[in-house]
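The lines below spell out each chain.
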Amino acid sequence: MAQPKELHRPTTAKKKRGKKRSLLRGTTGKYVTVRKLQVSSEGLSEIARKGSIDKILKGYIAVAKRAKKVGRPLDYTVRVSPDGDAKLVAEPVAAPVAESDALESALTTARERGQVKVAEILKGDDMLTASDFGSLIGASHETVNVKRGRGEVLGLQGATRAVRYPRWQVTDAGLPLPGLSRLFEVLGRQPWTVYRFLRTVHAELGGRTALDALKAGQQEAVLGVAQNQMNGVFS
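So, here is what we can say about the structure in this document. (Residues numbered from 1 in each chain as written. Predicted model: local features only at pLDDT ≥ 70, side-chain atom pairs only at ≥ 80, totals over all residues. Heavy atoms only, no water.)

### Remarks on the pattern of salt bridges
- Summed over the entire model, instances satisfying the criterion amount to three salt bridges.
- With a shortest N-O distance of 3.3 Å, Glu 152 and Lys 147 are connected by a salt bridge.
- Judged by its relative accessible area of 27%, Glu 152 is partly exposed.
- By relative accessible area, Lys 147 is classed as partly exposed at 21%.
- Where Glu 220 meets Arg 182, a salt bridge forms, and the shortest distance between an N and an O atom there is 3.0 Å. (Salt bridge = Lys/Arg side-chain N within 4 Å of Asp/Glu carboxyl O. Buried < 20%, exposed > 50% of the residue type's maximum accessible area, 1.4 Å probe, protein only.)

Following this line, the structure appears as structure tokens:
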């Protein structure tokens, strides 16, 4: 004898509920289900009657196309009134960029600008090869490299491995800049840091650059300014 239909109903309902939950959790084909979208039966009827679903989808499609075109996420706002009508109430705007992304973008831009500036400096007429610089101070190419390693002369590198030596670091007597090795020790043995320090005007040096002050014999004053800079003390 066939079983009463009532005995099968709970099982069928359970299967339907299970199927509904699976759709809410995952994906079906290339479509992703939207979770926790709750609309009352009365509200759904009004939205359907007003044709608001069509308006919402059209608004979404328009913003999605614009986001793809500009290459960044966009936000927009849709207002659904109690009678089921829907309208776009906010012009699509760029979504806030994450702070880390903004910082990385700024650093990348700064690095790119820095690389261009470095290349311009190294192409200057006052930048010499090791051989030319050696001839200027009466030393061989090899000796110049040794002096650079000791911080006795300033050699600068860019994107390439070629090293250039500023002509202006030689005194009128044809000697390397006095006190340079001590300056390297104070500033952390970083050639570009030393370069910037030498070419900067310092109020503590009477409005002179550190380069001019060293050539004028103000070694201790220059080293004092450098030490203050490393310690974060500024006048």
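There is more to say, and it comes next.
### Concerning the packing of helix α5 (residues 130–137) against helix α6 (residues 141–150)
- Direction vectors running N to C along α5 and α6 enclose 90°, while the axes themselves pass 8 Å from each other. As far as their axial angle goes, α6 and α5 are roughly perpendicular. Along its contact with α5, which presents Ala 130, Ser 131, Phe 133, Gly 134 and Ile 137, the element α6 presents His 141, Val 144, Asn 145 and Lys 147.
- In terms of residue class, the contact of α5 with α6 is made up of four nonpolar, four polar and one charged. (Axes fitted to C-alpha atoms, helices over the stretch in contact; angles between N-to-C directions. Helix = DSSP H or I, 4+ residues; strand = E, 2+ residues; numbered from the N terminus. Parallel < 35°, antiparallel > 145°, perpendicular 65-115°, else oblique. Contact = heavy atoms within 4.5 Å. Nonpolar A, V, L, I, M, F, W, Y, C, P; charged D, E, K, R; others polar.)

### What to know about unusual backbone geometry
- Residues other than glycine seldom take positive phi values, yet Arg 189 does so here, at roughly 60°.
- Mapped onto the fold, Arg 189 is located in the loop between α7 (180–186) and α8 (191–199).
- Classification of Arg 189 as partly exposed rests on a relative accessible area of 39%.

### Notes on the sheet that holds strand β6 (residues 156–157)
- Across the sheet, which stays open at both edges, the three strands sit in the order β5-β7-β6 with antiparallel pairing between neighbours. Each end of this open sheet is capped by a strand with a single partner; those strands are β5 (127–128) and β6.
- As paired elements, β6 and strand β7 (residues 163–166) share two bridges and run antiparallel to each other. Looking at β7, one finds that Leu 156 is bridged to Arg 164. (Pairing = 2+ DSSP bridges.)

### Quick word on α5
- Ala 130, Phe 133, Gly 134 and Ile 137 are the residues of α5 that are buried. End-on view of α5: buried residues confined to an arc of 105°, all on one side of the axis.
- Contacts from the buried residues of α5 go to β5, α6 and β7.
- Positive phi appears at Gly 138, one or two residues downstream of α5, with a value of about 70°. (Arc of directions from axis to C-beta.)

### Re the packing of aromatic side chains
- In total, this model carries three aromatic pairs according to the counting rule given.
- An aromatic cluster is defined as three or more aromatic residues linked by ring pairs; in this entry it consists of Trp 168, Trp 192 and Tyr 195. (Phe/Tyr/Trp six-rings, centres within 6.5 Å; stacked < 30°, edge-to-face > 60°.)

### A closer look at the pairing of β7
- Of the pairings in the sheet, the one linking β5 to β7 comprises two bridges and is antiparallel in character. What sits directly across from Leu 128, in β7, is Tyr 165.

### Here we look at the side chain of Thr 171
- Along the chain, the position of Thr 171 falls in the loop between β7 and α7.
- Leave out the neighbours within four places in its chain, and Thr 171 touches Pro 176, Leu 177 and Pro 178.

### Topic: the nonpolar core
- Judged by nonpolar contacts, the single largest core of 25 residues is most densely connected at Leu 154, Leu 183 and Leu 198.
- Those elements giving two or more residues to this core turn out to be α4 (99–122), α7, α8, α9 (210–215) and α10 (219–230).
- Here this core gets five residues from one element, more than from any other, and that element is α8.
- If near-sequence neighbours (up to four positions away) are discounted, Leu 154 is found in contact with Arg 164, Tyr 165, Pro 166, Trp 168, Gln 169, Leu 180, Phe 184, Pro 191, Val 194, Tyr 195 and Leu 198. (Core = buried A, V, L, I, M, F, W, Y, C linked by side-chain atoms within 4.5 Å.)

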